[in-house]
Amino acid sequence: VPFVPMPPAAQRPEPQPTLFESEARPAANPLLEAVRAWGAWVLEEARKELERFYPPDPDGAIPVGYYWMRTIPCQNPACGAEIPLTTNLWLAKKDKKRVALKLIPNRAERRVEAVIVEGSAINFDPEEGTVSRAKVRCPVCDGTIDDKTTRRLFREGKAGQRMMAVVLHYPHPGAARHPSPAAAGEGSGVRGKAYRLPTERDQAAYRAAEEALEAKRRALWDEWGMDPVPDEQIITPCHEVDRPPMYGMPTWGDLFNPRQKLALITFAEKVRQAHGQMLAAGADPDFAKAVATYLALGVDRLADRNSSLSVWNSIAEKQEHTFGRQALPFVWDYAETNVIFGLQGWEKQFSYILGTLGGLLLNFPSEDNLRSGIGKVPQVDHGSATRLPWPDNYFDAVLTDPPYYDNVNYSALSDFFYVWLKRTVGDLYPDLFATPLAPKSDEIVADPNRQGGREESRRFFEERLTQAFREIARVLRPDGIAVIVFAHKTTAAWEAVIQALLDAGLYMTASWPVYTEMQARLNAQETASLASSIYMVCRKRTSQAVGDFGQVRREIEARVGQKLAQFWDEGIRGADFFMSAIGPAVEAFGQYAWVERLSGERVTVAELLEYVRKVVSEFALQRILQGAQLGGVDAPTRFYLLWRWTYNHARVPFDEARKLATSVGVELEEAWGAGGLVEKQKEYVLVPTPQVRARDPRFAKQSRFTTMIDALHRAVALWERNRQQELQEHLAMTYGGNEVFWQVVQAISEVLPEGDKEKQVLQGLLYGRRTSLRQAQQRLL
């Protein structure tokens, strides 16, 4: 066991803060104890410098957070008011606790004032903010600013920010629950957080932090040999990270306000000092390096939870972290945490580091077991998947979750953390931090901006992924298995992955869809999100047999049909259902080195997947329509039903929409246009609701209906307008007497989610039909 020097704080008789006590705590593990002790020391030393910038209230309340709104000047020459920007005004939005900011226009002084209101005093709609999609409304003059002007004002440095509210926490029962009766109602005993408007004392503390930042920045710049505040440029164009530069925030340091910058460079400084003190006290250099690395990860967690892109969650009443999704958004309002006393500050963030480390150590083999040959020390290597550092036939199993085609530029997102790690432990890992930003050229991702175009990026991804899969095949034993996880909503991505597998000499023997995404992260109304990933079990191909296309198609039908019935019974639906069928199909044709027609022409992976989509479409339609005669349903109606079942109201890339249409015999280009069944929006396609189509005068004038879906949409429009006589005449002249038509109406209604507007009108149409039938039967009796 190496010598483990502890900081002075660890020798104190009083216990360490509760948040540093991890439930997963192996007895007397030197690494965990050192990380715990030095983490507490870092906080204590940072607190000495920073606590004056987060002053407590006179009544003992602690400001744990500060709520900010960005601002721009009104462009009306007669106004010029500073407009606070926000999409909504909620501070707390719970069943039993409602707190909101109310913006009050002061037209005499041309400024926007604010008050905090609660409960029944909220006599306005807090969901209505001042900005939507960068279009701004001035509360003073009601003037508007278009999105292009808004972005220009930010880039020209004419935007500002304004502290709008302070979030309070009362640390002990004896403290008052509210700073004043006006904050929550006189005599209120509301539990949890309280809110007040910022005072001059709050503003003065923030200004003091601004001044302190400049002094510390100059001092550390000389000491570290670099700007302690990240001055590296955010790369553009890059969808994952280029939103802030569009609003005048070109560097990674621009994502933090001055007090946040001061806090982060102070904690970074303390991490470096902790490492230096460990070495000075005689610590083993590798051990001191390990402890400092865990401390540095704490700084990165703090940066994630305390940037000017950290939004306020009014339901949970807390700051959210910067990466609510795998991209950097631009936000109009944000929450700043109190890093030394806040509930999302250092203690909370570092507790996650301790908990993870403790959990890992609990599963680490003991020295006695290792001496007895029980268990192995885990080994982690840093390298590239295209050049694995192991000999041939080495592993029984390889498990990997490769990049998802063009979904996420992880190297670009990594820059957010990379720049802070470089300032805390970059000197301890000079080989890993030799570049200004995270290395990107070898990342296996399809990025047209990086690789010179869409076709070039597809080719790059497929070539590099094939190389990685070949390495997996090389290090895998002859009887070993490779488990590869993949998820993507486009068949183009699947074509690339499957082609890479086949070229690498791997073939799939089994596959399973596994739900991996939280529903809260899915945005199914706007994008065709997937909830599951496909786990593909692969083996080395030992045969070079060539498949006959006719035979392979029959094998695909048998294998896919068998699996689809199982997936359907397990509740897999929509886009996930289509993607889940890919695995069984590849099991059928992947066993062959390639597949060819009788002419000797090779069949491409794209052609095979087109056939799979057709098989899946037929199966899904049979199940959705529940016994209706599929032959009686025309192709455009099949397409519409499948679209709603698969994508709901999402926009879908054109090529994916085309493939779905082709699977049921529809030419997509013939379906859009004047009052058409689909709309094309640049590279995307969406299928409008009957309500949207009804507003198109070209569709409204249509008098002949040759498809069920067009007739249905006209019926919906008439039903919504309560034009019952016209509705009955329309149904009598079209499909009203066709039972399959009503089964289609029922099927579309059932595939749409609860609360959907289209679902509601379809249910109304069905109810009206049943009522009409009952009335007709009663008349006959």
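A few points on the structure. Bear in mind that the values here come from a model prediction, so they are computed numbers and not experimental data. (Residues numbered from 1 in each chain as written. Predicted model: local features only at pLDDT ≥ 70, side-chain atom pairs only at ≥ 80, totals over all residues. Heavy atoms only, no water.)

### Side note on the overall build of the protein chain
Next up, step 1: For the protein chain, the helix and strand inventory stands at 25 helices and 22 strands.
Next up, step 2: Based on the C-alpha atoms only, the size of the protein chain along its principal axes is roughly 90 × 80 × 50 Å.
Next up, step 3: The buried share of the protein chain, reckoned over its 781 residues, is 51%.
Next up, step 4: Restricting to contacts in the protein chain with at least 6 residues of sequence separation, those with at least 24 account for 71%.
Next up, step 5: For the protein chain, the accessible area works out to roughly 36,200 Å², and carbon and sulfur atoms hold 51% of it.
Next up, step 6: Distance between charge centroids for the protein chain: 4 Å, based on 95 positive and 99 negative side chains. (Helix = DSSP H or I, 4+ residues; strand = E, 2+ residues; numbered from the N terminus. Buried < 20%, exposed > 50% of the residue type's maximum accessible area, 1.4 Å probe, protein only. Contact = heavy atoms within 4.5 Å. Areas by Shrake-Rupley, 256 points an atom, 1.4 Å probe, with all protein chains shown as cover. Lys, Arg positive; Asp, Glu negative; His and termini not counted. Charge placed at Lys NZ, Arg CZ, Asp CG, Glu CD.)

### Here we look at the sheet that holds strand β6 (residues 131-132)
Next up, step 1: Taken together, the 3 strands give an open sheet; going across it, the order is β6-β7-β8, and neighbouring strands pair in antiparallel fashion. The outermost strands of the open sheet, each flanked by one partner alone, are β6 and β8 (144-145).
Next up, step 2: Taken together, the 2 bridges between β6 and strand β7 (residues 135-137) define a ladder with antiparallel strand orientation. The partner of Ser-132 across the bridge, within β7, is Lys-135. (Pairing = 2+ DSSP bridges.)

### Notes on the sheet that holds strand β21 (residues 679-681)
Next up, step 1: The sheet built from 3 strands is open, its strands ordered β20-β22-β21 with antiparallel pairing. Two strands in the sheet have a free side with no partner beyond their single neighbour: β20 (652-653) and β21.
Next up, step 2: By the bridge criterion, 3 bridges tie β21 to strand β22 (residues 684-686) in an arrangement that is antiparallel. In the strand pairing of β22, Gln-681 is matched with Tyr-684.

### Considering helix α6 (residues 258-280)
Next up, step 1: In this model, α6 (23 residues) spans 33 Å end to end at C-alpha, consistent with the 33 Å of a helix rising 1.5 Å per residue.
Next up, step 2: Of all the 23 residues making up α6, 17 are buried; the element is thus mostly covered by neighbouring parts of the structure.
Next up, step 3: With a side-chain oxygen positioned 3.0 Å from the backbone nitrogen of Arg-259, the residue opening α6 is Asn-257. (Expected span 1.5 Å × (residues − 1). Polar contact = N/O pair within 3.5 Å; in protein donor to acceptor, adjacent residues only side chain to side chain.)

### Some details on the pattern of salt bridges
Next up, step 1: What the rule picks out here adds up to 49 salt bridges.
Next up, step 2: The partner of Asp-396 in a salt bridge is Arg-477, with the nearest N and O atoms 2.8 Å apart. With Asp-396 in strand β14 (residues 395-400) and Arg-477 in strand β15 (residues 476-486), this residue pair connects regions lying 81 residues apart in the sequence.
Next up, step 3: Look at Asp-396 and you get partly exposed, because its relative accessible area is 48%.
Next up, step 4: Residue classification places Arg-477 among the partly exposed positions, given a relative accessible area of 33%.
Next up, step 5: With a shortest N-O distance of 3.9 Å, Glu-754 and Lys-759 are connected by a salt bridge. (Salt bridge = Lys/Arg side-chain N within 4 Å of Asp/Glu carboxyl O.)

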